[in-house]
Amino acid sequence: RQPGCSRSNPAAVVPEQAKVHAGLAREDLFLVVHEQVFTDTTDFADIVLPATTFMEHDDVVTAYGHLYAQYSRAAIPPQGESRPNLDVFNAIAARMGYTDPIFQETYDTLLPQLLNRELLESHGFDWAAFMAGEPVRMPTLERPWEQGLTTDSGKFEFYSQRTAKRGLPGVPAFVPLAEGHEDNGLKARYPLQLVTPPSQHFLNSSFGDTVSSPKLEREPLLQLHPAEASARNLQAGDAVRAFNDRGECYLTLHTTRDVMPGVAVAESIWWPRHMRERKGINQLTTAELTDM
């Protein structure tokens, strides 16, 4: 088997990490990773292909907090043997004998299709300015209800027929987690509910390879309410083992009343290579799908 990995660090970010690492380490697996830096995933790779950074390839830049889009041209040519994702995928397709037109596309020819240029321009979007690298406001519908909503009825729905047809509650309802705080056998064995919010100085698993971000975060912490720590004869600064049926990892205890009793908080994502025995917090997380 010859899988490839691009734009992700699954050895750090995927749930049930022990299974992921065991799978990546299989002898019958030939793994190719396209990356900018050495990660926990490249450690399992048979071949690492160098990828370009944002300075070396074209891209479209948008944001969570505003309505503008900008075409970002490469500032410098690809360094060394690094290549953009599109070039690598097109080259692999060519070597495999695929002649479909899609594998001949460039960023300039793909953008009008991906962004639906005709629709954007019909709503006043300045395509020429966009292609020149200027920030251009994306068109928005000021009164979307006048265009018709995407619900089955075309109206605002306080009861969703579409959701009900899937066997889910038609109105918002509390659905207890399989491993939540309900009184069941799991709670008796594992009374703490783990929460893994983003840390201040990482962006998911990004910046885990830098000097500054791990230094600013200092060390992987497990945060507990003082009462929970006291019940386990633990004090702030102790090395602790967090575990469940899926795996284990080791962190330093931090006590705070900002965390509710019954809850354990581990801000993430620390790369496993920065943690004891190369075991990250995703040793503990579940791969179970949510209801939606």
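Scope of this entry: the structure provided in the associated data block. (Residues numbered from 1 in each chain as written. Predicted model: local features only at pLDDT ≥ 70, side-chain atom pairs only at ≥ 80, totals over all residues. Heavy atoms only, no water.)

### Looking at the sheet that holds strand β5 (residues 68–72)
Two pairing modes exist for strands in a sheet, parallel and antiparallel, and in both the strands are linked by backbone hydrogen bonds.
At step 1: Strands sit in the order β4-β5-β6 across an open sheet of three strands; the sheet is antiparallel. A single partner strand is all that each edge strand has here, and the edge strands are β4 (59–61) and β6 (136–137).
At step 2: Bridge analysis of β4 against β5 gives three bridges, and the strand direction is antiparallel. Bridge pairing links V60 to Y71 in β5. (Pairing = 2+ DSSP bridges. Helix = DSSP H or I, 4+ residues; strand = E, 2+ residues; numbered from the N terminus.)

### Some words on the side chain of D58
At step 1: You can see D58 is positioned in the loop between β3 (47–50) and β4.
At step 2: Under the relative-accessibility criterion, D58 is labelled buried at 18%.
At step 3: At a separation of 3.5 Å, a polar atom in the side chain of D58 contacts the side chain of Y71.
At step 4: A distance of 2.9 Å separates a polar atom in the side chain of D58 from the backbone nitrogen of A74.
At step 5: Contact partners of D58, with chain neighbours within four places excluded, come to Y71, S72, R73, A74 and Y107. (Buried < 20%, exposed > 50% of the residue type's maximum accessible area, 1.4 Å probe, protein only. Polar contact = N/O pair within 3.5 Å; in protein donor to acceptor, adjacent residues only side chain to side chain. Contact = heavy atoms within 4.5 Å.)

### Describing the packing of aromatic side chains
At step 1: The tally for this structure, following the rule as stated, stands at seven aromatic pairs.
At step 2: Members of the aromatic cluster, connected to one another through ring pairs, are Y71, F125, W127 and F130.
At step 3: The ring centre of F243 lies 4.1 Å from the NZ or CZ of R241, which sits over that ring.
At step 4: Over the ring of Y250 we find R276, and its NZ or CZ is 3.9 Å from the ring centre. (Phe/Tyr/Trp six-rings, centres within 6.5 Å; stacked < 30°, edge-to-face > 60°. Lys NZ or Arg CZ within 6 Å of the ring centre and 35° of its normal.)

### Some points on the pairing of strand β9 (residues 239–243)
At step 1: The two faces of β9 differ: V240 and A242 on one face are buried, but A239, R241 and F243 on the other face are not.
At step 2: Pairing geometry for β9 and strand β10 (residues 248–255), over five bridges, is antiparallel. Bridge pairing in β10 places V240 opposite L251.
At step 3: Hairpin geometry of β9 and β10 is characterised by an intervening segment of four residues between the two adjacent antiparallel strands.

Keep in mind that these numbers describe shape and distance, not what the molecule does.
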